[in-house]
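So you can see what is in the structure, the chains are spelled out below.
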Amino acid sequence: AECMHRGIKLKVGETNDFSALVHAPVSPNEEEIKIQLKENGVNWDLWEPTKFQILTQELAKGEAALVMVQEKLLRIVDIVVVKVSKEDSILAETETEDTTGKRITLNWLPAVKRRPDENMFFAAKRCVTTHMWIDENAVSFNTSSVLIAEEKKES
């Protein structure tokens with residue numbers, strides 16, 4: 001009541017995309033990213049045209065980070081994979097369409113890139129509600145079956 005009287009907002013609209021507990025990521029602009037890549041021996045000019053745009057979007061959303069590890073520039077991404085099952089069936093993404101309408105076979109479990117303002121359970125919830133369009137009340141998360149894996153690969 002006192003907050004309302006003083007005009008202090010306790011909520012930011014009806015969105016769950018905001019957390020006051022985590023500092024908002026500062027998005028580097030494209031020129032800064034190009035300089036950082038060039039200084040670390042990455043020739044982004046040889047990439048497919050959309051690859052650099054995808055990288056800048058990931059960095060802007062906080063879905064990826066560029067960090068130096070042992071004098072090497074790495075792109076770090078936390079991916080949360082969600083296994084939705086009912087009885088003997090498992091929900092999987094089987095295919096998608098590209099911008100030209102061409103179908104691409106996927107055959108993998110649904111997943112999202114975890115943002116810095118999320119823990120793995122909030123990311124999983126976002127995957128279920130936003131990407132699979134399943135009501136969050138229709139699923140329950142089994143916290144005892146969480147698996148964590150670390151993988152390094154060229155990208």
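Residues numbered from 1 in each chain as written. Predicted model: local features only at pLDDT ≥ 70, side-chain atom pairs only at ≥ 80, totals over all residues. Heavy atoms only, no water.

Participant: What is the right way to read the overall build of the chain from this model?
Facilitator: Across its full length, the chain carries 4 helices and 8 strands. Going residue by residue from the N terminus, the α and β elements of the chain occur as α-α-α-β-β-β-β-β-β-β-β-α. Counting contacts in the chain only where the partners sit at least 6 residues apart, residues at least 24 apart contribute 42% of the total. As displayed, the chain has an accessible area near 13100 Å², and 52% of this comes from carbon and sulfur atoms. (Helix = DSSP H or I, 4+ residues; strand = E, 2+ residues; numbered from the N terminus. Contact = heavy atoms within 4.5 Å. Areas by Shrake-Rupley, 256 points an atom, 1.4 Å probe, with all protein chains shown as cover.)

Participant: What is the right way to look at the confidence of the model for the chain in this model?
Facilitator: Predicted coordinates in regions of low pLDDT should not be interpreted in detail. This prediction gives the chain a mean pLDDT of 85; 86% of its residues lie at or above 70. No element of the chain has a lower mean pLDDT than helix α1 (residues 2–6), at 70, and none a higher one than strand β8 (residues 111–113), at 95. (pLDDT = per-residue confidence, 0-100.)

Participant: Please clarify how the packing of aromatic side chains should be interpreted in this entry.
Facilitator: A ring pair, where both rings are aromatic, is described by two values, the distance of the centres and the angle of the planes. Tallied over the full model, the rule gives 2 aromatic pairs. Between Trp44 and Phe52, the ring centres sit 5.2 Å apart and the planes meet at 35 degrees, which makes this aromatic pair tilted. Plain terms: the ring middles of Trp47 and Phe52 are 6.4 Å apart, the flat faces sit at 45 degrees to each other, and that makes the pair tilted. The class for Trp47 is partly exposed, based on a relative accessible area of 29%. Ring pairing ties together the aromatic residues Trp44, Trp47 and Phe52, which thus form one cluster. (Phe/Tyr/Trp six-rings, centres within 6.5 Å; stacked < 30°, edge-to-face > 60°. Buried < 20%, exposed > 50% of the residue type's maximum accessible area, 1.4 Å probe, protein only.)

Participant: Where do I start with the nonpolar core in this structure?
Facilitator: Generally speaking, a soluble globular protein has its nonpolar side chains buried in company with each other. Residues Val80, Val82, Val84, Val112, Ala123, Ala124, Cys127, Val128 and Met132 constitute the largest nonpolar core, which totals 9 residues. In this structure Ala124 touches Val80, Val82 and Phe141, once residues within four positions along its chain are discounted. Within the second largest apolar cluster, 8 residues are counted, among which are Phe52, Leu55, Leu66 and Leu73. (Core = buried A, V, L, I, M, F, W, Y, C linked by side-chain atoms within 4.5 Å.)

Participant: I would appreciate a short explanation of the environment of Pro28 in the present structure.
Facilitator: Relative to the elements of secondary structure, Pro28 occurs in the loop between α1 and α2 (30–39). A relative accessible area of 33% places Pro28 in the partly exposed class. Sequence separation of Pro28 and Leu59 is 31 residues, and the distance between their C-alpha atoms is 7.5 Å.

Participant: Looking at this structure, I do not really get helix α3 (residues 49–61). What am I missing?
Facilitator: For the α-helix, the turn length of 3.6 residues means that residues three or four positions removed from each other point alike. Taken residue by residue, α3 has Phe52, Leu55, Thr56, Glu58 and Leu59 as its buried positions. With its buried residues spanning 160 degrees around the axis, α3 presents them on a single face. For α3, the secondary structure elements touched by its buried residues are α2, β1 (65–69), β2 (72–76) and β8. Positive phi shows up at Gly62, right after α3, with a value of about 85 degrees. (Arc of directions from axis to C-beta.)

Participant: Looking at this structure, how should I read the pattern of salt bridges?
Facilitator: Oppositely charged side chains can pair when the atoms bearing their charge come close. Tallying each qualifying case throughout the model produces 8 salt bridges. Between Arg103 and Glu95 there is a salt bridge, with the nearest N and O atoms lying 2.4 Å from each other. The class of Arg103 is exposed, set by a relative accessible area of 56%. Exposure remark for Glu95: the relative accessible area of 38% places this residue in the partly exposed category. The partner of Arg126 in a salt bridge is Glu118, and the shortest N-O contact between them spans 2.7 Å. Each member of the pair Arg126 and Glu118 is classed as buried. (Salt bridge = Lys/Arg side-chain N within 4 Å of Asp/Glu carboxyl O.)

Participant: Explain the pairing of strand β7 (residues 103–108) here, please?
Facilitator: The pairing of strand β6 (residues 93–97) with β7 spans 4 bridges and is antiparallel. Across the sheet, the residue bridging to Glu93 is Trp108, located in β7. (Pairing = 2+ DSSP bridges.)

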